Amino acid sequence: MNNSYSRRHFVKKSAVNALGLGVVSNVPLFGQTIGAQEKKDRINKDTTSKLSFIPSRAASWWCTIEDLQWSQKKIVDKIKRRAEGFANAKIDTAINFGFHIRFDFSNYFGQLHGYYANVCDELHQYDIKFMDHYSCNHVERPRGEAEFKKLHKGQRHHVLLFHDPVAAEYAQYEGHFFKDICEVDLRDGSRGYAAQYQMEAFCHNNPGFLDMHKKYLQRLMKEVPFDGIQVDDMCDYAGLTTCGCSYCRDRFKKGYGHEIPPFGEKTFWGDTSKSMLQWGDYENPVFRDWMRMKIDSVADHVKMVKQIVGDKPLTSCCSSTGPIVLNSISLNLEKMAPHLDLFMLENVGLNINSVNWIRMDAEALQQKDIAQKRGHAPAIACSYTIYGIGGYLGWCLSRFWGVANWSSTLNQRLEVDPADAMEMEDIIAPSNNWELKNSNLNYMDGKDFVEVRLVSSSYCRDNGWRGTDKLEQWDKVKAWSASLVKNNIGYRFLRSVELSDAVALCKENTPLILDSLGCVSDSQFNAIKTFLSKGETVWLALPFGTHDEKGFKRAVALSDELLKHKYKNLVLIDSATNSDPLEKLIQEGAFHPAFRQLSGDNRWAIRIRLHGDKPVIHFMNTALIAVPHPFLKDIPGVPILKDIESKIEDNNLTYEFNTKRLNLPQFTMMSPELGEETRKVDIQDTKHGLSTIKVNLKGVKIYAVVQNSS
């Protein structure tokens, strides 16, 4: 988790700009056939039963450069105070933040591990778990004075202590010189460089690097009694400029049957005058295979890490899972998933744009589904903040999404620490304590109330598929997600593996949303036809099945055959990026949501979750107003979030709901914003099969929960 702004901005900006522009593993390569047993393993393999702990209320344990002075009394006393503060804030998991680019500290591992061991000992006295968190595959190497200053301005939160150019020539660990295990730039043969973070990148296929990381992990496990670990940045930030080392070339030749073409060859590299993230010709199957090889290399590295840490829960950071641009940095959570135990969404925060949270709902629910299919593994949303309101917003979103909450201040992400900066434990203590006293819901036993299933295709992403409108399938998914949130319709994601399995697909009878599913495998097509033959409903927006799962164009689109069958419940619709097909389906009576709002402001979003047989309704405001800090701004210049107001004035809400689909008991409304006040919720039968529920959210700006009053 490199930072709160750069990574997501890096991905988001690249995705926007791209619109309209043209070690041996047992893990199958992209495009290989996935066997039935593997499908079953991926969907049903139990993870939670093997975990030594499940995080619920996590927070960052911030480190600073002075902590390397351990075991001075000042540092030891600070550890004791903070551990007690974490306990008072009801934090159950502390996650290291700092000393991030870990091999920059190879000369100091002794005192660093001593510090961490001391932290573990103090936290364990309060039964608080400790997770280490570091980036393994980079070293800070700014090139020139401008890069040096940029690093010290924007990446202070890493805790910076890197070799100067002279010392860097001799920097090593366990006999592996860092300069010898770096990626190789395909343009000029220099060391691979991630300019956005001023780092040189190690190669995931270099046996020297893998040996070094293995030995470091083994040492870390001996010297620090950590409970779990996040090995971060499992991707390739040097992107498409790398890697031309002999190991990568050999793997591509032997495993995929190709040579890496010379840099600039247009049929492979595309237009290299554009941003690096927009390079590549996805029409070329060799380029697609190269993307797969790079992603597989990262997944193999994650697999190695899991083999070393054994039963200790493992996670990695993933700020995004949907857009094609992720291929360029080899970031693919679905490929890493078989080797992970916890799944973390970097929700970010800090600035005033944080209040526009609907855009994050698709990412949150997709990652939640990835975790669910990994044996119901825990999902965690990490939110950054400077002030208390940002911490509360992150806590609210975690509740709304039904995941664990990881709260993290990020003061050192600013050029100068604010004078009124708060400690993380002080920010999150009020929310955590209110939750435990008033609404202690176990997110792990909550089950989302699902009315439709939204299909998200990794095949479309992996193969760089775009429609004639130049949009990718993830653009359609995001549009549907926003529409479903605004219409209070419960949904979940359905991804490529599940769509390939007719048995899994037909376990539920909720409608499938297939919007611009360009890449479709034969097994997926057969599963969809089986689903339709059982009389179930599919909403289909063309194109569909123009390419196969490997990205090869079909002679005839699968939609032609599908439409010839004239399935009764196959409903052709417009794409969600062209119109509002959901509104049309509702107006025409083709879809009847379980909840329908009758009065009050419709900008309160609701999400229903079942805990056993008890439904809980979460309310989240979609009309938040960000109050900017008068002078504090993040690195790109966006004002920091200081407070939040609401555009909503009519908070007396009335909904009609279908009692055949939801049985609502006597309810009470609560919110941390109301303190200990509770309000009775009025539920009245109106006509056969329908009832109304009235909720008064006066005085609530951001979040409320309605739950069983008994």
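Source: prediction; values computed, not measured.

(A) Examining the pattern of salt bridges more closely. Scanning the model with the defined rule gives 49 salt bridges in all. Put simply, D67 and K78 hold a salt bridge, and the shortest N to O gap is 2.8 Å. Within this pair, whereas D67 is found in the loop between β1 (57–62) and α3 (73–88), its partner K78 is found in helix α3, the two being separated by 11 residues in sequence. Ionic pairing is found between R143 and E200, a salt bridge with its closest N-O pair at 3.3 Å.

(B) Seen up close, the sheet that holds strand β13 (residues 379–385). With parallel pairing, nine strands are arranged side by side in an open sheet as β10-β9-β3-β2-β1-β14-β13-β12-β11. Both edges of this open sheet fall to β10 (314–315) and β11 (317–318), since each of them pairs with a single strand only. Sheet analysis places strand β3 (residues 129–135) next to strand β9 (residues 228–232), joined by five bridges and oriented parallel. Its bridge partner being in β9, D132 is matched across the sheet by I229. Lying on the sheet, α3 is in contact with β1 and β2 (93–97); it crosses β1 at an angle near 165°. Sheet contacts for helix α14 (residues 424–438): β1, β13 and β14 (404–409); angle to β14, the most-contacted strand, approximately 155°.

(C) Structural context of the sheet that holds strand β8 (residues 199–201). With antiparallel pairing, three strands are arranged side by side in an open sheet as β4-β8-β7. Each end of this open sheet is capped by a strand with a single partner; those strands are β4 (138–140) and β7 (193–194). Judged from the two bridges that link them, β7 and β8 form a sheet pairing that is antiparallel. Within β8, the residue paired with Y193 across the bridge is E200.

(D) Inspection of the side chain of K529 at higher detail. For K529, the location among the structural elements is in helix α19 (residues 522–533). Residue classification places K529 among the buried positions, given a relative accessible area of 17%. For K529, the contacting residues outside a window of four places in its chain are E561, L562, H565 and Y567.

(E) Summary view of the environment of P55. Looking at where P55 falls in the secondary structure, it is placed in the loop between α2 (36–44) and β1. Leave out the neighbours within four places in its chain, and P55 touches D92, T93, L342, I380, A404 and Y443.

(F) Spatial organisation of empty space enclosed by the protein. In this structure, the largest cavity encloses a volume near 190 Å³. Taken together, 17 residues make up the lining of the largest cavity; nearest its centre are R399, V403, E435, L441 and Y443. Those elements giving two or more residues to the lining of the largest cavity turn out to be α13 (388–401), β14, α14 and β22 (604–611). Of all the elements, α13 adds the most residues to the lining of the largest cavity, at three residues. A per-class count over the lining of the largest cavity returns five nonpolar, eight polar and four charged.

(G) Representation of helix α12 (residues 361–373) in the model. In this model, α12 (13 residues) spans 18 Å end to end at C-alpha, consistent with the 18 Å of a helix rising 1.5 Å per residue. With 12 of its 13 residues buried, α12 lies for the most part within the structure. Here α12 has its buried residues at D361, A362, E363, A364, L365, Q366, Q367, K368, D369, I370, A371 and K373. Backbone geometry just downstream of α12 places G375 in the positive-phi region, at approximately 70°.

(H) Expanded view of the confidence of the model for the protein chain. A residue-level look at the protein chain finds 93% of positions with pLDDT of 70 or above and a mean pLDDT of 92. Note on residues 3–8: pLDDT is under 50 here. Beyond four places in sequence and across chains, it has 36 contacts. Across residues 10–44, confidence stays below pLDDT 50; counting only partners more than four residues off in sequence or on other chains, it has 70 contacts.

Reading guide: rules and limits
Residues numbered from 1 in each chain as written. Predicted model: local features only at pLDDT ≥ 70, side-chain atom pairs only at ≥ 80, totals over all residues. Heavy atoms only, no water. Salt bridge = Lys/Arg side-chain N within 4 Å of Asp/Glu carboxyl O. Helix = DSSP H or I, 4+ residues; strand = E, 2+ residues; numbered from the N terminus. Pairing = 2+ DSSP bridges. Contact = heavy atoms within 4.5 Å. Axes fitted to C-alpha atoms, helices over the stretch in contact; angles between N-to-C directions. Buried < 20%, exposed > 50% of the residue type's maximum accessible area, 1.4 Å probe, protein only. 1 Å grid on protein atoms, 1.4 Å probe; cavity = no way out; pocket = protein on both sides within 12 Å on 5 of 7 lines; lining within 4 Å. Points joined across faces, edges and corners; volume = space filled by probe spheres on them. Nonpolar A, V, L, I, M, F, W, Y, C, P; charged D, E, K, R; others polar. Expected span 1.5 Å × (residues − 1). pLDDT = per-residue confidence, 0-100.

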